[in-house]
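Below are the chains, spelled out letter by letter.
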Amino acid sequence: MNHSPTTVRTAPSSFAVLVLTTLLTLPVFAAQFQQGDEIKPTRDESLYFRDHVFRQAKAGETFSVLAHSPDTKKVFVRGTDTDGKQIALAIAEDAIAALPMDVAEVQAEAVAAAKSGRFSDGLHRLEHALRANPTDPSLQTAFKGISQLQVAATTLERAKAVKESVLPEIARKRKNATTANRSNPLDRNDRSGQTRAAQMRADADQTEAIHRASVEHAQKEYDSALAQLGAAPGSSGAATDDFVEPILAVEAPNPTYAETIEFINSRLRKGAKMGYGKNLQKMIYRDRHYTYVFDPKDLTPEVKFLTSDNPGSPYYGKNVLFQCRGRRQLIEKRGILQPETAMVRNFAIRASDEVEMTKLGNAVSHLIRILGGTDEAF
């Protein structure tokens with residue numbers, strides 16, 4: 001890449017019956033810590049390895065949950081020993097709190113899975129979220145919607161299968177009708193053959209019409225369930241917009257847009273993703289807490305680096321900062337921590353270490369530049 005980022009371091013029917021049955025059995029979960037949850041200690045607390053104190057966890061540090069043992073009132077989190085090997089560390093359950101969940105992101109992922117036919121994946125994602133947020137209305141709505149869509153999809157598949165299974169019988173009746181549709185050579189007034197043929201054709205047409213109508217009805221039920229799911233709060237817009245390759249401001253860049261965005265996404269934290277929205281026609285960054293929408297032309301490729309050793313800082317660790325030119329507030333920010341949309345002038349993405357921060361910064365700078373971002377005038 002030809003441009004390096006500026007470095008600034010700071011320290012801060014049957015269908016209806018099935019649907020009704022599904023909705024009545026909507027699961028209710030007790031809140032508990034699950035594998036994959038992110039938590040943080042609410043106070044300085046000891047971490048134990050095999051019943052021995054391994055080290056002190058600082059309030060605000062982030063950990064990934066491996067398992068929760070309610071009987072012993074311990075939560076096991078991912079840790080690293082002195083040799084760099086992954087180990088399980090135990091911490092008291094009353095000393096931790098779950099990090100806020102981006103409900104919109106969870107819902108978007110579940111809806112996207114359901115729309116692609118992966119109903120089990122979508123429902124499992126929501127079940128996991130409902131354990132931590134058992135009364136959240138948007139998660140409940142998404143669970144109902146996906147359950148209804150799953151029932152509709154099953155009904156549609158069955159209707160299509162039955163229609164396919166009767167096709168040989170329909171063909172047989174029409175073939176027999178053709179054979180029977182002959183005059184009696186001994187009695188020209190005898191039209192019994194034509195009558196039988198007409199009845200066979202009528203039977204074949206009726207059978208075909210019945211099963212065609214069954215498939216059409218099932219398809220309408222499916223389309224209706226899909227439309228209702230798509231209309232659910234949080235299931236449209238930036239949270240679920242498909243990612244596509246945009247029109248570039250630079251001809252034949254090297255690396256390409258696809259290579260650059262793939263590199264950036266491979267370096268983002270779990271649950272985070274960036275791409276160009278098909279419908280919004282803007283760049284979208286989603287993580288576990290917020291969604292940011294921005295036009296790259298409003299940003300400067302002169303990205304900054306922010307570092308902090310304070311676990312309570314929003315810039316804890318190593319971060320790459322996206323920023324608007326001229327300190328303008330042109331980046332749209334939404335999320336569970338700030339339900340109302342806000343316009344901000346920058347946001348940061350976290351890197352794993354110093355080297356990765358530099359690589360990620362270079363990639364971000366290149367991405368903004370090939371999408372039309374320009375340097376500050378002064």
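Further up the page is the structure itself.
The structure displayed is predicted, hence computed values, not measured ones.

Caption draft 1: The arrangement of the packing of helix H3 (residues 119-132) against helix H4 (residues 137-180) in detail. Where H3 contacts H4, the axes come no closer than 10 Å and their chain directions differ by 160 degrees. Here H3 lies roughly antiparallel to H4, going by the angle between them. Crossing of H3 against H4: the hand is left-handed. Contacts between H3 and H4 involve Phe-119, Gly-122, Leu-123, Leu-126, Glu-127, Ala-129 and Leu-130 from the first element and Leu-139, Gln-140, Ala-142, Phe-143, Ile-146, Ser-147, Leu-149, Gln-150 and Ala-153 from the second. Along the lines of polarity and charge, the residues of the contact of H3 with H4 split into 11 nonpolar, 4 polar and 1 charged.

Caption draft 2: Region of the structure containing H4. Between its terminal C-alpha atoms H4 stretches 63 Å, which fits the 64 Å expected from 44 residues at 1.5 Å a residue. By the largest-angle criterion, Leu-167 marks the main kink of H4, which is about 35 degrees, and a proline, Pro-168, follows within four residues.

Caption draft 3: Expanded view of the side chain of Glu-356. Structurally, Glu-356 can be placed in helix H7 (residues 354-370). One polar contact links Glu-356 to Arg-267, side chain to side chain, over a distance of 2.8 Å. Ignoring anything within four residues of it in the chain, the contact list for Glu-356 reads Arg-267 and Ala-351.

Caption draft 4: Molecular detail of the packing of helix H2 (residues 103-115) against H4. Direction vectors running N to C along H2 and H4 enclose 0 degrees, while the axes themselves pass 10 Å from each other. Looking at the two axes, H2 sits roughly parallel to H4. The segment H2 lies against H4, with Val-103, Val-106, Gln-107, Ala-110, Val-111 and Ala-114 engaging Ser-138, Leu-139, Ala-142, Ile-146 and Leu-149. For the contact of H2 with H4, the residue count by class is 9 nonpolar, 2 polar and no charged.

Caption draft 5: Region of interest: H7. End to end, H7 covers 25 Å across 17 residues, agreeing with the expected 24 Å (1.5 Å per residue, within 8%). Counting buried residues in H7 gives 12 out of 17 residues, a clear majority hidden from the surface. Here H7 has its buried residues at Glu-356, Met-357, Leu-360, Gly-361, Ala-363, Val-364, Ser-365, His-366, Leu-367, Ile-368, Arg-369 and Ile-370. Taken together, the buried residues of H7 touch helix H6 (257-267), strand E9 (273-277), strand E10 (283-286), strand E12 (304-308), strand E13 (317-323) and strand E16 (346-351). One side-chain oxygen of the residue at the start of H7 lies 3.2 Å from the amide nitrogen of Val-355, identifying that residue as Asp-353. Looking one or two places after H7, you find Gly-372, whose phi comes out positive at around 105 degrees.

Calculation rules
Residues numbered from 1 in each chain as written. Predicted model: local features only at pLDDT ≥ 70, side-chain atom pairs only at ≥ 80, totals over all residues. Heavy atoms only, no water. Axes fitted to C-alpha atoms, helices over the stretch in contact; angles between N-to-C directions. Helix = DSSP H or I, 4+ residues; strand = E, 2+ residues; numbered from the N terminus. Parallel < 35°, antiparallel > 145°, perpendicular 65-115°, else oblique. Left-handed = near helix turned anticlockwise from the far one by under 90°. Contact = heavy atoms within 4.5 Å. Nonpolar A, V, L, I, M, F, W, Y, C, P; charged D, E, K, R; others polar. Expected span 1.5 Å × (residues − 1). Bend = angle between axes of the 7 residues up to and from the residue. Polar contact = N/O pair within 3.5 Å; in protein donor to acceptor, adjacent residues only side chain to side chain. Buried < 20%, exposed > 50% of the residue type's maximum accessible area, 1.4 Å probe, protein only.

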